[in-house]
Amino acid sequence: MKKIEAIIRPERLEQVKVALTDAGYSGLHVESVTGRGRQRGVIHSGRGGEHYTIDMLPKVKLVLVVKDDNLEAATNLIIETARTGNIGDGMLFVSAVEDAIRVRTGERGDSLL
């Protein structure tokens, strides 16, 4: 099993969520987060020509666990759906999951996915 953590633009959340559900990935968690990447924020012009930087931008973090065989399909789906082509589209992080246990029944492993 693999855990995918995807940091994406908030306005792309609904499209990504629908695409994942349509592809059969129904279990996911969403968090509102703030952060910055290479762009280090956005510079805005205020009144009187003042410039100020917003260096922590709002993002959404999706977390889902998939079977190893589904990793490539799930990551490609997220990338294709979340991509706008602009700086700040986000990143995906993939890590191994040793085990998963359903609290209610005690079931374990890939059968949960």
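Rules behind the numbers
- Residues numbered from 1 in each chain as written.
- Predicted model: local features only at pLDDT ≥ 70, side-chain atom pairs only at ≥ 80, totals over all residues.
- Heavy atoms only, no water.
- Helix = DSSP H or I, 4+ residues; strand = E, 2+ residues; numbered from the N terminus.
- Buried < 20%, exposed > 50% of the residue type's maximum accessible area, 1.4 Å probe, protein only.
- Salt bridge = Lys/Arg side-chain N within 4 Å of Asp/Glu carboxyl O.
- Pairing = 2+ DSSP bridges.
- Core = buried A, V, L, I, M, F, W, Y, C linked by side-chain atoms within 4.5 Å.
- Contact = heavy atoms within 4.5 Å.
- 1 Å grid on protein atoms, 1.4 Å probe; cavity = no way out; pocket = protein on both sides within 12 Å on 5 of 7 lines; lining within 4 Å.
- Points joined across faces, edges and corners; volume = space filled by probe spheres on them.
- Nonpolar A, V, L, I, M, F, W, Y, C, P; charged D, E, K, R; others polar.

**Some remarks on the environment of serine 32**
Mapped onto the elements, serine 32 comes out in strand 2 (residues 29-35). A residue is classified by how much of its surface remains accessible, and serine 32, at 73% relative accessible area, is exposed. Separated by 30 residues in the primary sequence, serine 32 and leucine 62 have C-alpha atoms spaced 9.0 Å apart.

**Focus: the pattern of salt bridges**
This model, assessed by the stated rule, comprises seven salt bridges. Its salt-bridge partner being lysine 17, residue glutamate 14 comes within 3.2 Å of it at the nearest N-O pair. Here the residue glutamate 14 and the residue lysine 17 both occupy positions in helix 1 (residues 13-22), the gap between them amounting to three residues, near one helical turn. Its relative accessible area of 33% is what places lysine 17 among the partly exposed residues. With its nearest N and O atoms 4.0 Å apart, the salt bridge here joins lysine 61 to glutamate 31. On the criterion of sequence distance, the pair formed by lysine 61 in strand 5 (residues 57-66) and glutamate 31 in strand 2 is long-range, its members being 30 residues apart. It is possible to trace a salt-bridge network through shared partners that takes in Glu5, Glu31 and Lys61.

**With respect to the pairing of strand 1 (residues 2-8)**
Here strand 1 runs beside strand 5; their pairing, made up of seven bridges, is antiparallel. Considered in strand 5, the bridge of alanine 6 is made with leucine 62. Alignment of strand 1 against strand 6 (residues 90-96), held across seven bridges, turns out to be antiparallel. From the neighbouring strand, isoleucine 8 faces strand 6, where its bridge partner is glycine 90.

**Considerations on the nonpolar core**
Core analysis: the largest hydrophobic core is formed by 18 residues, its most contacted members being Leu20, Leu62 and Leu64. Elements represented by at least two residues in this core include exactly strand 1, helix 1, strand 5 and helix 2 (71-82). Ranked by residues supplied to this core, first place goes to helix 2 with five residues. When neighbours within four sequence positions are excluded, leucine 62 is seen to be in contact with Ile4, Glu5, Ala6, Ile8, Leu13, Val16, Leu28, His29 and Val30.

**Thoughts on the layout of surface pockets**
Volume-wise, the largest pocket comes out at about 420 Å³. Along its surface, the largest pocket is lined by 19 residues, and Gly27, Val65, Val66, Leu112 and Leu113 are the ones closest to its centre. Here the lining of the largest pocket gets four residues from one element, more than from any other, and that element is strand 5. For the lining of the largest pocket, the residue count by class is 11 nonpolar, five polar and three charged.

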